[in-house]
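Here's the letter readout for the chains.
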Amino acid sequence: MTYLQQALIYIGAAVLVVPLARRLGLGSVLGYLGAGVIIGPAALGLIDNIEDVMHFAELGVVFLLFIIGLELKPSRLWVMRHQVFGFGSAQVLLTAALLVVVLMVGGWQLRPSLVIGFGLALSSTAFVLQLLAEQKKLSTEYGRASFAVLLLQDLAVIPLIALIPLLATGPAETPDVTALLVGLAAIAALIAGGRYLLRPALRLVAKADIKELFTAVALLVVLGAAALMEHVGLSMDLGAFIAGILLADSEYRHALEINIDPFKGLLLGLFFIAVGMSVNVQLLLSEPLSIVGLTIGLILAKALVLYALARAFGLDGNASRSMALILAQGGEFAFVLFTLARNSAVLDGATTDKLFLVVTLSMMATPILYLLDARIRRRQRGAQAEPVYDAIEDHGNPVIIASFGRFGQIVGRILKSKGIGFTALESNPEQVEIVRRYGNKVYFGDASKIELLRSAGTGKARFFVLAIDDVERSIATAKTVRHYFPGLPILARARDRHHAHLLMDLGITMIYRDTFQAGMELTRSLLQQLGTDDEEAERIVGAFEKHDTELLKRQHEVRQDEKDMIQTALQAAEELESLLQADRRRDDRS
């Protein structure tokens, strides 16, 4: 079979299976693994040279670690130092220690026990972060804690990768001191070169303004650092990671990430396909009780450690449970470590096959565990029934703020600084908990419910601030306020023009779009820095604001007709340009 035919099989399998896995809520990683299983020896047998594919696909992990290094700014690590280095380190060490003890009690030797213990202690960064992002849970308490633990796990991969070749040393052998010194010298040379040579080189290439050349240099940086480490007997991944960290604070960080990311995505997908091809499905059929039992044991062991640590680090019971369930699986770096351990003869092939299968099954169980956690949360809220919403003490505050997220908090903080009373309502219990920890008074309740609005004293209020970002809930709340309190002025937040038009349908005129003011403020600053004097920049931006507000009203009248909407926008652009040109001519005459 030619390389072109093999490439078509890989791409075709990924295109067919990965979107299906995403639709089923299993994530792209499991999609790639499933594609590998289907085309591999365990199913259709379309590809058989797994080792050749694996050696090439390992470059995907090299690129992944380079990008992880790029994202690890020292300042970012310092802000998260307690959760990352405290919580994260404790999770990796305690989980690994528990698994190592269990394995050694079961008769395993120390070296393979260490590799297995630390490999299974790691969770899936790509899988968990994608799941949290899809469910919009990254900003929750357990979402932030999960990210911190995953960050430490990514850091821990580097010393673990470097440790495996040392574990491959026979019992009568001693580590090669010369090789160790050569390795340290290579790392020092890489750091020095990255610090004093790499940035000037990137600057020269950037000045050439040739996109393909910059892409080539980005690949050269990653592959060069990886090749250097491999040449001295260390891990390619270590070289790529160090190169990434060296460039984390450079002005070229984002450009490098953009150029490398497509290669990383393709090669990492190929790596997971290769891992899927190497999964021995026959094991599950021949030893179902053993494999399923090991998978359940892994999930339980990791979940117990995570839950205990989460409680110890101050998370409440619900957040601790959610975090324990979402991080209880094995991760993609387990495949990397176990593959390296097999190649280094620390683990045999049969053990590696079994571990691959256990990690894969644990990952497949994660969406199910996540749904179970969501159901528990809903049941808890349902069990509380009516008392879930707070009883509000009506102090006759002149302002009601519906939703106390990032937008509502700005309003609240300014009003508080002026001594103006307000009543804040928030329907997200996790947000209520976070806000209260910072000393703010906020009531848990759904602002679209008339009972809550009445108990909040809305009938006596002078203004109602509608700060809800969800369009559906925002409109539902606006309808309730408009119906029961028709004379109450509403100042409404709008996510976009569509949201603004829906609010205008209800007769609301004081509408403030999320990014509109920020965009104008940025443009005002940009004009000034480009040489426009302050007065003219203010006039230009003011003219645009007035003109766009009028355009918003005109488009509201014809929003059901796309053709009229486009025509209105084109006419408005011409009018604005003519207006600004007329202003410039007046200035020139004066």
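Everything here concerns the structure above.
On a predicted model such as this, the values are computed, not experimentally measured, just so you know. (Residues numbered from 1 in each chain as written. Predicted model: local features only at pLDDT ≥ 70, side-chain atom pairs only at ≥ 80, totals over all residues. Heavy atoms only, no water.)

> Would you explain the packing of helix α8 (residues 141-167) against helix α16 (residues 332-343) in this entry?
Geometrically, a packed helix pair is captured by the angle between its two axes and the distance between the axes. One can describe the packing of α8 onto α16 by two numbers: an axis separation of 10 Å at closest approach and a directional angle of 5 degrees. Between α8 and α16, the crossing angle belongs to the class labelled roughly parallel. Mapping the contact onto sequence places Asp154, Val157, Leu160, Ile161 and Ile164 in α8 and Phe333, Val336, Leu337, Leu340 and Ala341 in α16. For the contact of α8 with α16, a count of residues per class yields 9 nonpolar, no polar and 1 charged. (Axes fitted to C-alpha atoms, helices over the stretch in contact; angles between N-to-C directions. Helix = DSSP H or I, 4+ residues; strand = E, 2+ residues; numbered from the N terminus. Parallel < 35°, antiparallel > 145°, perpendicular 65-115°, else oblique. Contact = heavy atoms within 4.5 Å. Nonpolar A, V, L, I, M, F, W, Y, C, P; charged D, E, K, R; others polar.)

> So what exactly am I meant to see when it comes to the pairing of strand β1 (residues 399-402) here?
As a general feature of sheets, a regular strand has side chains that alternate between the two faces. Side chains Val399 and Ile401 of β1 all project onto a buried face; the interleaved residues Ile400 and Ala402 project onto the opposite face, where all are buried too. As paired elements, β1 and strand β2 (residues 422-426) share 4 bridges and run parallel to each other. Opposite isoleucine 401, over in β2, you have alanine 424 as the bridge partner. In this fold, β1 hands off to helix α18 (residues 406-417), which returns the chain to β2; that crossover is right-handed. The sheet contact formed by β1 and strand β4 (residues 463-466) spans 4 bridges and is parallel. Looking at β4, one finds that isoleucine 401 is bridged to valine 465. (Buried < 20%, exposed > 50% of the residue type's maximum accessible area, 1.4 Å probe, protein only. Pairing = 2+ DSSP bridges. Right-handed = clockwise from strand over helix to strand, strands pointing away.)

> Looking at this structure, I do not really get the sheet that holds strand β6 (residues 510-513). What am I missing?
Neighbouring strands of a sheet are bound in pairs by backbone hydrogen bonds; such pairs are parallel or else antiparallel. What the 6 strands build is an open sheet, ordered β3-β2-β1-β4-β5-β6; its pairing is parallel. Edge positions in the sheet fall to β3 (443-444) and β6, since each of these pairs with one other strand and no more. Sheet strands touched by helix α22 (residues 497-505): β4, β5 (490-494) and β6. Its angle to β5, the strand with the most contacts, is close to 155 degrees.

> Is there a simple way to explain the side chain of serine 403 in this structure?
Considering the arrangement of structural elements, one finds serine 403 in the loop between β1 and α18. Look at serine 403 and you get buried, because its relative accessible area is 13%. With near-sequence residues (within four places) excluded, serine 403 lies in contact with Gly408, Leu425, Glu426, Ala467 and Ile468.

> How do you make sense of the nonpolar core when you look at a structure like this?
Considering soluble globular proteins, one finds that nonpolar side chains tend to be buried as a cluster. If you look at the biggest cluster of nonpolar residues, it comprises 102 residues, and the most contacted ones within it are Phe66, Leu256, Phe333, Phe335 and Phe338. Apart from the residues within four sequence positions on either side, leucine 256 is in contact with Phe66, Leu70, Leu202, Phe214, Ala218 and Leu247. In this structure, Ala447, Leu453, Ala461 and Ile508 belong to the second largest nonpolar core, which totals 27 residues. (Core = buried A, V, L, I, M, F, W, Y, C linked by side-chain atoms within 4.5 Å.)

> I would appreciate a short explanation of the pattern of salt bridges in the present structure.
Pairing of side chains with opposite charge becomes possible as their charged atoms draw close. Within the structure shown, the criterion is met by 2 salt bridges. Among the salt bridges present, the one from glutamate 287 reaches lysine 354, with a minimum N-O distance of 3.2 Å. One end of the pair, glutamate 287, is in the loop between α13 (281-286) and α14 (288-312); the other, lysine 354, is in helix α17 (residues 349-384), with 67 residues separating them in the sequence. We classify glutamate 287 as partly exposed; its relative accessible area is 30%. Its salt-bridge partner being aspartate 373, residue arginine 321 comes within 2.7 Å of it at the nearest N-O pair. On the criterion of sequence distance, the pair formed by arginine 321 in helix α15 (residues 317-326) and aspartate 373 in helix α17 is long-range, its members being 52 residues apart. Judged by its relative accessible area of 3%, aspartate 373 is buried. (Salt bridge = Lys/Arg side-chain N within 4 Å of Asp/Glu carboxyl O.)

> How do you make sense of the environment of threonine 125 when you look at a structure like this?
Its place among the elements puts threonine 125 in helix α7 (residues 125-134). Owing to a relative accessible area of 13%, threonine 125 belongs among the buried residues under this scheme. Each C-alpha atom, one on threonine 125 and one on leucine 150, is 5.8 Å from the other, the two residues being 25 residues apart in sequence. The contact partners of threonine 125, leaving out residues within four places of it in the chain, are Leu150, Asp154 and Glu332.

Bear in mind that shape data such as this cannot, by itself, settle questions of function.
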